[in-house]
Amino acid sequence: MNETFKIKSTGFDEIKKQSIRRAVPILLIAMIFGIAIPFFNSENKEDVWYVLPFVLPIMIFALWSGINKGLKRQKMLFESYLLIFSENAIVREQANTPIVSIQIDEIKSIIKDKKGGYSIKGKTAVDTILIPAQIENYEKLEILFDQIKPIDVTQQLPFAEKYKFPIAIIMLGSMATVYVSLNKILVGICALICCTLFIWFFIEIRKNKNMDHKSKRVGYYLLFILLSILGVTYMKLTTNF
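Since the structure is predicted, the reported quantities are computational estimates derived from the model, not experimental observations. (Residues numbered from 1 in each chain as written. Predicted model: local features only at pLDDT ≥ 70, side-chain atom pairs only at ≥ 80, totals over all residues. Heavy atoms only, no water.)

Structural notes on helix α5 (residues 164-180)
Working step 1: Taking 1.5 Å of rise per residue, 17 residues should cover 24 Å, and α5 covers 24 Å from first to last C-alpha, within 8% of that figure.
Working step 2: The set of residues buried in α5 consists of I167, A168, M171, L172, S174, M175, A176, T177, V178 and Y179. (Helix = DSSP H or I, 4+ residues; strand = E, 2+ residues; numbered from the N terminus. Expected span 1.5 Å × (residues − 1). Buried < 20%, exposed > 50% of the residue type's maximum accessible area, 1.4 Å probe, protein only.)

Here it is as structure tokens:
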């Protein structure tokens, strides 16, 4: 059994709109919080309203530019996807991404999600191969899976995927509270929430073999933001207002 599968030619077009729908709301919420924090921290609110007409177009352009740049990088990564079946293992290769190899006799489960994608689970949670529904020769792939292990069909999304928007809102709301509020108890609680979420995100990003190297570097930016939050929290908890 030596087979190689790649993404079909129209594959990225099928997920492009979905990627935009996912990215835009989160980026817009982040932009709103980015404007709201200096507004509430400013003693002279009129100054913020004065500069907003100049800052807002720049932020919108940065948002549009970031989305376009992200889509180009995502397309390159998506189209470089290769799934290789050898005699003893299944291997996933992708540009700028760690190679994942799972021995066939170590496969614990093959799960099909409601969107038609697959995930192959190995001995540990780190040993996971994600297969998009846009893979070519889909029917042949299913036949090969059936020869290895029965396919488990699930309608349940992973926790982080299912609740990503509530988690994003909680994180951004907690960050805004830390920077804006003068209530020490509230600041302390929100700082704890931020620390928990940021550390969790960092660990998940670093151990994820299905994420490219550039995306993994985002984890270090999270640490810088976390240090900023801790610094503001310490200042507010030790200052008498």
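Here the narrative resumes.
What to know about a nonpolar patch on the surface
Working step 1: A cluster of nonpolar side chains, V218, Y220, Y221, L223, F224, L227 and L230, forms an exposed patch at the surface whose accessible area comes to about 720 Å².
Working step 2: Of note, Y220 is situated in helix α8 (residues 218-237).
Working step 3: Take Y220: its relative accessible area is 42%, and that puts it in the partly exposed class. (Patch = residues over 30% accessible without salt bridge, like charges linked within 9 Å, V, L, I, M, F, W, Y side chains within 5 Å. Areas by Shrake-Rupley, 256 points an atom, 1.4 Å probe, with all protein chains shown as cover. Salt bridge = Lys/Arg side-chain N within 4 Å of Asp/Glu carboxyl O.)

Comments concerning the sheet that holds strand β3 (residues 89-93)
Working step 1: Strand order in the open sheet formed by 4 strands is β1-β2-β3-β4, and the pairing between neighbours is antiparallel. The sheet is open, and its two borders are formed by β1 (3-6) and β4 (100-103), each paired with just one other strand. Within the sheet, the average angular offset between the axes of one strand and its neighbour, ignoring direction, is 15°.
Working step 2: Direction of pairing for β1 relative to strand β2 (residues 82-85): antiparallel, over a ladder of 4 bridges. In the sheet register, K6 faces β2, and the bridge partner there is L82. (Pairing = 2+ DSSP bridges. Axes fitted to C-alpha atoms, helices over the stretch in contact; angles between N-to-C directions.)

Re the pairing of β4
Side-chain direction in a regular strand flips from residue to residue, so the side chains alternate between the two faces of the sheet.
Working step 1: Every second residue of β4 is oriented toward a common face, the buried set being V100 and I102 and the non-buried set S101 and Q103.
Working step 2: Across 4 bridges, β3 lies against β4 in antiparallel orientation. Bridge pairing in β4 links R92 to V100.
Working step 3: Turn length for the β3-β4 hairpin, with the two strands adjacent in sequence and antiparallel, is 6 residues, and the turn residue N96 shows positive phi of about 55°.

Focus: the sheet that holds strand β6 (residues 118-121)
Working step 1: Pairing within the open sheet is mixed, and its 4 strands lie in the order β7-β6-β5-β8. The open sheet has two edge strands, β7 (128-131) and β8 (151-153), and neither has a second partner. Strand-to-strand twist across the sheet, computed as the mean angle between neighbouring axes with direction ignored, equals 25°.
Working step 2: Sheet topology note: the β6/β7 ladder contains 4 bridges and is antiparallel.

Some points on the pattern of salt bridges
Working step 1: Applying the stated criterion across every chain, the model contains 6 salt bridges.
Working step 2: E3 is paired through a salt bridge with K140; the nearest N and O atoms lie 3.1 Å apart. Of this pair, E3 sits in strand β1 while K140 sits in helix α3 (residues 138-148); the two residues are 137 residues apart in sequence, bridging distant segments of the chain.
Working step 3: Ionic pairing is found between E142 and K112, a salt bridge with its closest N-O pair at 2.9 Å. Taken together, the residues span a long stretch of sequence, with E142 in helix α3 and K112 in strand β5 (residues 109-112) at a distance of 30 residues.
Working step 4: Given a relative accessible area of 21%, E142 falls into the partly exposed group.
Working step 5: Accessibility expressed as a relative area gives 21% for K112, which makes it partly exposed.

Observations concerning the side chain of T97
Working step 1: Tracing the sequence through the fold places T97 in the loop between β3 and β4.
Working step 2: A residue is classified by how much of its surface remains accessible, and T97, at 8% relative accessible area, is buried.

Structural notes on the packing of aromatic side chains
Geometrically, a pair of aromatic rings is defined through the distance of the ring centres and the angle of the planes.
Working step 1: Summed over all chains, the structure comprises 7 aromatic pairs.
Working step 2: When the centroid spacing of 5.9 Å and the interplanar angle of 50° are considered together, the rings of F85 and F145 count as tilted. With F85 in strand β2 and F145 in helix α3, the pair connects residues that are 60 residues apart, well separated along the chain.
Working step 3: Relative accessible area serves as the criterion here: at 1%, F85 is assigned to the buried category.
Working step 4: Owing to a relative accessible area of 0%, F145 belongs among the buried residues under this scheme.
Working step 5: Here the aromatic rings of Y118 and Y138 are separated by 5.8 Å at their centres, their planes lie at 40°, and the arrangement is tilted. Residue Y118 is located in strand β6, and its partner Y138 is located in helix α3; the two are separated by 20 residues in the primary sequence. (Phe/Tyr/Trp six-rings, centres within 6.5 Å; stacked < 30°, edge-to-face > 60°.)

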